[in-house]
Amino acid sequence: MSTPSRVRSIFAGSAGNLVEWYDWYVYSAFSLYFAPVFFPSGDRTSELLGAAAVFAVGFLMRPLGAWAMGIYADRRGRKAGLTLSVILMCAGSMIIACAPGHASIGVAAPIILVVARLLQGLSVGGEYGASATYLAELAARGRRGFWSSLQYVTLIAGQLIALSVLLVLQVVLDRAALASWGWRIPFVIGGVLSIGVFWLRRGLLETTSFSTVATRGLTGRSSALRLLREHPREAAIVIGLTAGGTLAFYAYTTYMQKFLVVTSGFGKETATRVTAAALFVFMLLQPAIGALSDRVGRRPVMIGFGVLGTLFTIPLMTTLARTRDPFIAVALVVAALVIVSGYTAINAVVKAELFPAEIRTLGVALPYAIANTIFGGTAEYV
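Model, not experiment: these values are computed from the prediction.

Definitions and cut-offs
Residues numbered from 1 in each chain as written. Predicted model: local features only at pLDDT ≥ 70, side-chain atom pairs only at ≥ 80, totals over all residues. Heavy atoms only, no water. Core = buried A, V, L, I, M, F, W, Y, C linked by side-chain atoms within 4.5 Å. Buried < 20%, exposed > 50% of the residue type's maximum accessible area, 1.4 Å probe, protein only. Helix = DSSP H or I, 4+ residues; strand = E, 2+ residues; numbered from the N terminus. Contact = heavy atoms within 4.5 Å. 1 Å grid on protein atoms, 1.4 Å probe; cavity = no way out; pocket = protein on both sides within 12 Å on 5 of 7 lines; lining within 4 Å. Points joined across faces, edges and corners; volume = space filled by probe spheres on them. Nonpolar A, V, L, I, M, F, W, Y, C, P; charged D, E, K, R; others polar. Axes fitted to C-alpha atoms, helices over the stretch in contact; angles between N-to-C directions. Parallel < 35°, antiparallel > 145°, perpendicular 65-115°, else oblique. Left-handed = near helix turned anticlockwise from the far one by under 90°. Patch = residues over 30% accessible without salt bridge, like charges linked within 9 Å, V, L, I, M, F, W, Y side chains within 5 Å. Areas by Shrake-Rupley, 256 points an atom, 1.4 Å probe, with all protein chains shown as cover. Salt bridge = Lys/Arg side-chain N within 4 Å of Asp/Glu carboxyl O. Expected span 1.5 Å × (residues − 1). Bend = angle between axes of the 7 residues up to and from the residue. Polar contact = N/O pair within 3.5 Å; in protein donor to acceptor, adjacent residues only side chain to side chain.

**Student:** Now, about the nonpolar core: what can you tell me, with residues and values included?
**Tutor:** Residues Trp24, Tyr27, Phe30, Phe38, Trp183 and Tyr250 are the most contacted members of the largest nonpolar core, which totals 110 residues. The element contributing the most residues to this core is helix α1 (residues 3–38), with 16 residues. When neighbours within four sequence positions are excluded, Phe30 is seen to be in contact with Ala162, Val165, Leu166, Leu169, Leu178, Trp183 and Pro186.

**Student:** An account of empty space enclosed by the protein is needed here, citing residue identities and associated values.
**Tutor:** In the structure shown here, the tally under the stated rule is 1 cavity of 30 Å³ or more. In terms of lining, the largest cavity is formed by Tyr25, Ser28, Ala29, Gln159, Ala162, Leu163, Thr253, Thr254, Gln257 and Thr275. When contributions to the lining of the largest cavity are tallied by element, the ones reaching two or more residues are α1 and α8 (150–172). Here the lining of the largest cavity is composed, by residue class, of 4 nonpolar, 6 polar and no charged.

**Student:** Break down the environment of Val37 for me, with residues and values.
**Tutor:** Positionally, Val37 belongs in helix α1. Sequence separation of Val37 and Ala109 is 72 residues, and the distance between their C-alpha atoms is 8.7 Å. Excluding anything up to four places from it in sequence, Val37 contacts Gly101, His102, Ala179 and Trp183.

**Student:** So what about the packing of helix α4 (residues 78–98) against helix α6 (residues 108–138)? Which residues, and what values?
**Tutor:** Any two packed helices are characterised by the angle at which their axes cross and by the distance between the axes. Following both chains from N to C, one finds α4 and α6 inclined at 155°, their axes separated by 8 Å at the closest point. If you check the angle between α4 and α6, you find them roughly antiparallel. Handedness of the crossing formed by α4 with α6: left-handed. Residues that form the contact of α4 with α6 fall into these classes: 15 nonpolar, 7 polar and 4 charged.

**Student:** Help me get a handle on a nonpolar patch on the surface, residues and values and all.
**Tutor:** On the surface, Ile239, Leu247, Ile370, Ile374 and Phe375 cluster together to form a nonpolar patch covering roughly 380 Å² of accessible area. With 3 residues, helix α19 (residues 360–376) is the largest single contributor of residues to the nonpolar patch. Its place among the elements puts Leu247 in helix α13 (residues 232–252). Classification of Leu247 by relative accessible area gives partly exposed; the value is 39%.

**Student:** Explain helix α17 (residues 326–344) to me, using residue names and the numbers behind them.
**Tutor:** When the terminal C-alpha atoms of α17 are compared, their 25 Å separation across 19 residues agrees well with the 27 Å that a helix rising 1.5 Å per residue should span. Along its length, α17 reaches its greatest deviation from straightness, about 30°, at Val338. Turning to α17, its buried residues number three or more, namely Ala329, Leu332, Val333, Val334, Ala336, Leu337, Ile339, Val340, Ser341, Gly342, Tyr343 and Thr344. If you check the start of α17, you find a side-chain oxygen 2.8 Å away from the backbone N of Phe327, and it comes from Asp325.

**Student:** Go over the layout of surface pockets with me, naming the residues and quoting the values.
**Tutor:** What the largest pocket holds in volume is close to 300 Å³. Around the largest pocket, the lining is made up of 20 residues, and of these Leu247, Ala248, Tyr252, Gly309 and Thr313 lie nearest the centre. Of the residues forming the lining of the largest pocket, the biggest block, 9 residues, is contributed by helix α16 (residues 298–322). Of the residues contributing to the lining of the largest pocket, the split by class is 15 nonpolar, 5 polar and no charged. One number sums up the size of the second largest pocket: a volume of about 230 Å³. The wall of the second largest pocket is formed by Thr45, Leu48, Leu49, Ala52, Tyr255, Lys258, Phe259, Val262, Thr263, Glu380, Tyr381 and Val382. Looking at the lining of the second largest pocket, the elements that each hand over two or more residues are α2 (44–60) and α14 (256–262).

This is how it looks when you write it as structure tokens:
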């Protein structure tokens, strides 16, 4: 495969990943506004807890999505897995965009919201393993850390775009309009973008690793039973790495906007701007940390994340809860995200390098999804 073709496919795959995670994070970014529509109680904390509970429910489908779509991508190809995942995400986004509120159909409204999040959970469960495997297999040896970091560059970019849409709507619409119907706009945008990415992903190149597996007739070897029987140590490593990494990531990204409002006392608009600024810096850090891992190795970077996260999490969160200065808040969140980058920038390639190609997507996706459901899906609610 020529270098230009490889680079085009990496960026094409990454663009799809961006839209996937935009759709996923729009829910969190706009839950401050639509929570009363589906969970009206008159108490802001109770309404947010209801929306956060549905956010966690979406995570429950991620192991199932990782299992089903991990096997699918190992047997049918990385391109096929990536294409299917974006179709499911599109369906979930459009359902939320069109869902009636509690005032119109009563308890059926939150049920529809749950169904939509279940579809999106299936999608993201399959997306992570397929995209991590695709980027790691397509990248040239010696540059895998750098190119695999694009997974979190696009993941963060998706979240950042979701926040940017929120910032624009906060300026264009008044609070009443945004809470009444304006929150539906980003879900429509996500659904339309997903349709475009579907066609984009149909033109992706397949990886050499999968083509070799297919030529050797090994595409039927991917199964959860085989994963547990032949690669239990590797699966346990993925669960352990993900447990700490995903908890830190969700604490300082999706939950942080709400923390700044409810705990620190910032207004919604200020909290959105603080989160967006910190995420932008976080996004730029990923390729640098990925390239560093290509030079010094994955182990020192991961160890740095673990040690620094253990030492500084409580001091950072405690100080952040007390600050009322948005610039100090940005600095504190960025400091936390610098630490988290030791995990996010290289976790995809670290996990992909643990497994042989015939079971790689499932090996990356299923243990990750299990740990992500337990530690990531409940982080905000706890």
